[in-house]
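Below are the chains, spelled out letter by letter.
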Amino acid sequence: MSSLLQRVRRDRRIAGLRRRLRSELNAAGIEGPTPMAEICARFGERRGKPIRLLAVPMEVPGPFGLWIKTTAADVILYQSTGTTRFHQEHIIAHELGHLLADHPSDEGDDEMWRQLLPDIPPAVIRSALRRRTTYANEYEHEAEALATVLLEATTKAQEITLPSGSRRARRAQASLGDPVDVL
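Here the structure is a predicted model, which means the values were calculated and not measured. (Residues numbered from 1 in each chain as written. Predicted model: local features only at pLDDT ≥ 70, side-chain atom pairs only at ≥ 80, totals over all residues. Heavy atoms only, no water.)

Attention now moves to the overall build of the protein. From N to C terminus, the protein includes seven helices and three strands. Starting at the N terminus and walking to the C terminus, you meet the elements of the protein as α-α-β-β-β-α-α-α-α-α. Counting across all 183 residues of the protein, residues that qualify as buried make up 38%. When the accessible surface of the protein is totalled, it reaches about 10,900 Å², and 52% of it is carbon and sulfur. (Helix = DSSP H or I, 4+ residues; strand = E, 2+ residues; numbered from the N terminus. Buried < 20%, exposed > 50% of the residue type's maximum accessible area, 1.4 Å probe, protein only. Areas by Shrake-Rupley, 256 points an atom, 1.4 Å probe, with all protein chains shown as cover.)

And the structure:
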């Protein structure tokens, strides 16, 4: 398949995922500044399955976050040390992107699972988790695109300074586009 056709298909899929995210945000009543913990709680309620957030120290270099899908809950592990709160929010948004795009959840090496989830045998975790496929790069691209849109939609109001009510300011805003409608 040509790379152009692949790009077109990927862009169409991402556009569809963005529409789905917008629908999920609207249905969950999320608009404007909202912490990721609240977003996860509302998405979990809508899906009928909680999304649990777990801050854990992760070795660098290595993953900053993981999404683990179980029958009882979706668990998002994210870096607890050596990073900023904003980066942690981005990590959570990225892992939510995987969940919202219906990607298979993460798998990892036995030692990492023993450290993160000592009560669950790594073989059990591996049997339930499968994202490491030839689609990994596509999945990562989609998750990152959704994370970016999610963060723009839920943090942008904190950063926007509305222009004055003058005619000149309104013209400038109109010529630059409406910064509030990024979805």
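This part is about the pattern of salt bridges. Using the criterion set out here, one finds seven salt bridges in the structure. Here Glu142 ties to Arg13 by a salt bridge, and the two come within 2.8 Å at their closest N and O atoms. Here the residue Glu142 occupies a position in helix α6 (residues 136-159), and Arg13 occupies one in helix α1 (residues 3-27), the gap between them amounting to 129 residues. Looking at Glu142, the relative accessible area reads 1%, which means it is buried. (Salt bridge = Lys/Arg side-chain N within 4 Å of Asp/Glu carboxyl O.)

Below, the discussion takes up the sheet that holds strand β2 (residues 65-69). Pairing within the open sheet is mixed, and its three strands lie in the order β1-β3-β2. One side of each edge strand has no neighbouring strand; the edge strands of this open sheet are β1 (51-56) and β2. Averaged over all pairs of adjacent strands, the angle between strand axes in this sheet comes to 20 degrees, irrespective of strand direction. Across five bridges, the pairing between β2 and strand β3 (residues 74-79) is antiparallel. What sits directly across from Leu66, in β3, is Leu77. (Pairing = 2+ DSSP bridges. Axes fitted to C-alpha atoms, helices over the stretch in contact; angles between N-to-C directions.)

Below, the discussion takes up the environment of Phe64. By secondary structure assignment, the location of Phe64 is in the loop between β1 and β2. Measuring from C-alpha to C-alpha, the distance between Phe64 and Gln88 comes to 8.4 Å, with 24 residues separating the pair along the chain.

The buried count for β3 comes to six of six residues, which makes it a mostly enclosed element. With six bridges joining them, β1 and β3 adopt parallel strand pairing. Note on β3: the bridge partner recorded for Leu54 is Leu77. In this structure, the hairpin formed by β2 and β3 is closed by a connection of four residues.

Core analysis: the biggest nonpolar cluster contains 26 residues, and Leu21, Met36, Phe43, Leu96 and Leu150 have the highest contact counts within it. For this core, the elements supplying multiple residues, two or more each, are α1, α2 (36-47), β3, α3 (85-100) and α6. In terms of nonpolar packing, the next biggest core, distinct from the first, is built from six residues, Met58, Leu66, Ile68 and Leu77 among them. (Core = buried A, V, L, I, M, F, W, Y, C linked by side-chain atoms within 4.5 Å.)

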